[in-house]
Amino acid sequence: MVRALRVRARPHPRDPSPRVAIAIGVLALAAAVASVMPQLHANTWIFRDGRFYVNVATTIVEDLTLDQHAFASSWYTGTLGWNRDLDPGWSNVALGARGEHWPKHPWIHPLIASPVYFALGLPGTLAWNLLMFALIASGLYRFARAYAPPAPAALAVALFVMGTAILQSAYDFSVDVLMLAAFAQGLAAVLVGRGVLAGACIALCVIIKPTALMLMPALVLTIAERRDGTTLRRSLAAGTIGLLTYAGINWWMYGRPWWSGYNRTLVTQGGRPVVADHLDAFATPFAEGFDRMWSGYYGLVHTFTAMVIAAPGLIVLLRRRPLHAIGAILGVAASLLVFAKYAYEGHRFHWPALALLVPSIAVTLEVIEHAARAIVMRMRRVSHAPRSAGLVAAIAIAGGALVALPFGPRPEARVLASGAWGERAMELARAIGLEGTGAAVAVVLVHLVLAGLLAARTTRILERVVPSPIAAFAIGACALVPEVREACLAGGPVLATSALLALGLERLCADRRVIAAVAIALAMIVWAVAPSDGEPASALTTLARSFDEPSAIRLIAPWIAIALPGLVIAARREARTGLALLVLAIVAVFPRAGSWAPITTIALAAPAAVSADAIATWIADRARGIDARRAGVLVLASIAALLVIGGVRRVVQAREPFRVASYEGVRRAVVMHGEVPCDFLAWEHLSWECSHFDSGLYGMVGLAVSDPPRVGGEPRELMVVPTGRSGQERRVIWDDARAGRELAIHWAVPDGLRGDALVLVRVDEREVGRFEVPARDDATIHELVLATPGVGDTARLEIAVMPSAGRRHQATVALDAIWR
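Draft legend 1. View of unusual backbone geometry. With phi around 60°, Ala72 is a residue other than glycine that occupies positive phi space. Residue placement: Ala72 occurs in the loop between α3 (49-63) and α4 (74-77). Classification of Ala72 by relative accessible area gives buried; the value is 5%. If you check the backbone angles, Glu765 has positive phi at about 65° while not being a glycine. With respect to the helices, strands and loops of the structure, Glu765 is situated in the loop between β15 (757-763) and β16 (766-773). Classification of Glu765 as exposed rests on a relative accessible area of 62%.

What follows is the structure, encoded as structure tokens:
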């Protein structure tokens, strides 16, 4: 047994093929897409700093400039009454050497993403962010694989990416996700001897956040441990060239090579524009900052609790690979020390440093795997034990759920959330002498065992047709997604049935027919007698009712899409395994499963892994033999294709009639609140915000895409144009709109809002029409057609809204204007 527990001291060779890493990247992308689908709504992933990055991407693709005068200039130059003292947290602008308004935040992020944004528009920002998860997972797997066997390395990546707060940033346009992707790929490049790529990736991290320089000792120690002088020299050379280029750009933009936007942040003090330096923000008392960083709202103890698993592996690595272990310790310690002094809080600041611990997590799982195998061999008195990827997947689920348990709702609330099932389970627990919290904890533990059984047996089935690390990552990553983890804690008939069915099917594939028959029979009994909520209904009615909730179908839709080809491929590789995966998939989408969609994704992830493996094999076969030159050509060709797509899209848009209530109409609008410009575009609402002068979503001029205006109870694609809160006039101007012979205006008072307004329409500064808006909504969209003879191909259009004569209230009208 001692011999079985002994961990190998020699380094693990890297995988001979990128197949596994690519498959893990595909699965990570699928999991990230599935995690954002339930909350998907137009533009709502653009918030916080993401709004500023979209501003920069917009000026790049529209005007080929980084200058930000088009957005929020009045914050820094005008007297608005609220902007007398504006701190750096408000600002997105850095003062250039010649008075330019450059971005405060790293402009490299929107610059790199701009081809995707040019091609796909605003949805491209979310697509770009999700794509980064594929790069993060594939890079970290190649990194961890150098220190641990394949399955533990894959599960370590699943735990780090899906079992922490990182996944929360999938629904975002985040520079931190890009930085982690670059860091992960840089680490992987270091370990495979690609020094130029490693240097470029790490330089990108430093460009994004200069604080990444504190991780350099860890990287140097990692390279030094491999005694690869060529890689070290090439990475240092490539990184130096990248940073010197960036320094030259900074010199031109800000006046000093060592200055970036963070050193020249434009703020106001006493009503005057001044420059602030973010270095001054590193002045928080250490004890106060560390306590907030550790247990605050974004505290690491809540968001990265799973990282405690790295501790045993780090101890092993101190003996096995001491330089890397020391480098990881130094990197994490430096990150904690530096950002404890920072005025702003965020676990995202620590992502790259914590990524250095992924090999330690993998080694911990490797030790657990060795221990489990030794115990099985001792108990069964056999000379070998089966592969334990399924057991490790079960440990990942149970560990992740137990980590979440102390910080979520009380156990009683979790159990009773499952309705009739939870109530019946609590009754059974009380029948055996348990009460209160003890009964709820017992039920939760049973659910965890069932979740572990489902994961372990599904992984064992999957290992028959795909490599072990792909199987382990697919099931482990899916089970660690917060929605799935929470659903497993609540339990339910789908969890019990799926777990027993997975056990039976796995035993059937292994020719253990007696156990298989018993497990499948138990699954059918549970399915038949399990308590259900609501009135009994037919199978078709129940199915329709289950999937009537958009969140349920959205969560499993990405898994279904990628799972369908996998079922066919699995059947071709091994008919019995393909049939087992098909049965699990059918149960996953069967009536009554829709309300338990998070759990069913575990069953759907198995055939999805087969599809990912096939995709990875296809990509790896075609990537074999591609040198750096061909790779560069491929990248340039991809960028060219995106530019062509974006160009075609713009040509089509240019031929369409001008519409006020469209993206183009909002983007090109100039909005005035009296004499105050409303020059901040809230992209998540696609509305122009006149900060501190607006009152809520319907106090802004725009499409309000996050909650569209309703007329007669139906959402309508109309532009909301309100007056000020005290009746101040709002003017919306388009200086160069495509004109026609007549202007058709459709207008209404949105449901629940007050009208009682006068609307004036001017063309080339000449009034062409006006109309009165009634005081109350009448569930009707009215139409007014105004003749505009004599205008050219383009004209200046202005729509002004003001309260009816003598009134001082906020009046709102929703309208669209189309020139034809």
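Draft legend 2. A look at the nonpolar core. Among the nonpolar cores identified, the biggest contains 225 residues, and Leu140, Phe160, Leu462, Phe473, Trp559 and Trp734 are the most heavily contacted of them. The greatest single-element share of this core, amounting to 13 residues, is contributed by helix α8 (residues 175-191). Those residues within four positions of Leu140 in sequence are excluded, and the remaining contacts are Val157, Phe160, Val161, Ala184, Ala355 and Val358. Counting 10 residues, the second largest nonpolar core, distinct from the first, contains Val415, Ala429, Ala439 and Val444.

Draft legend 3. Spotlight on a nonpolar patch on the surface. On the surface, Val514, Val518, Leu522, Ile525 and Val529 cluster together to form a nonpolar patch covering roughly 470 Å² of accessible area. On the secondary structure map, Val529 appears in helix α25 (residues 513-529).

Draft legend 4. Here's a closer look at the pairing of strand β14 (residues 742-748). In terms of residue burial, β14 counts as a mostly covered element, since 5 of its 7 residues are buried. Relative to strand β17 (residues 782-787), β14 runs antiparallel, the two being bridged by 6 bridges. Within β17, the residue paired with Ile745 across the bridge is Leu784. Across 6 bridges, the pairing between β14 and strand β19 (residues 812-819) is antiparallel. Following the sheet pairing, Ala748 is matched in β19 by Ala814.

Draft legend 5. Molecular detail of the sheet that holds β16. Read across the open sheet, the 6 strands follow the order β6-β5-β13-β18-β15-β16; overall the sheet is antiparallel. Of all strands in the sheet, those bounded by a partner on one side alone are β6 (676-677) and β16. Here strand β5 (residues 670-673) pairs with β6 via 2 bridges, running antiparallel. Looking across to β6, one finds that Met672 is bridged to Pro677.

Draft legend 6. Broad picture of α25. The terminal C-alpha atoms of α25, which comprises 17 residues, lie 24 Å apart, in line with the 24 Å expected from a rise of 1.5 Å per residue. Looking only at α25, the buried set comprises Ala516, Ala519 and Ala523. For α25, the buried positions fall inside an angular range of 70° around the axis, keeping them on one side. Across α25 from its buried face, at more than 90 degrees, point the exposed residues Arg513, Val514, Met524, Ala528 and Val529.

Procedures and definitions
- Residues numbered from 1 in each chain as written.
- Predicted model: local features only at pLDDT ≥ 70, side-chain atom pairs only at ≥ 80, totals over all residues.
- Heavy atoms only, no water.
- Helix = DSSP H or I, 4+ residues; strand = E, 2+ residues; numbered from the N terminus.
- Buried < 20%, exposed > 50% of the residue type's maximum accessible area, 1.4 Å probe, protein only.
- Core = buried A, V, L, I, M, F, W, Y, C linked by side-chain atoms within 4.5 Å.
- Contact = heavy atoms within 4.5 Å.
- Patch = residues over 30% accessible without salt bridge, like charges linked within 9 Å, V, L, I, M, F, W, Y side chains within 5 Å.
- Areas by Shrake-Rupley, 256 points an atom, 1.4 Å probe, with all protein chains shown as cover.
- Salt bridge = Lys/Arg side-chain N within 4 Å of Asp/Glu carboxyl O.
- Pairing = 2+ DSSP bridges.
- Expected span 1.5 Å × (residues − 1).
- Arc of directions from axis to C-beta.

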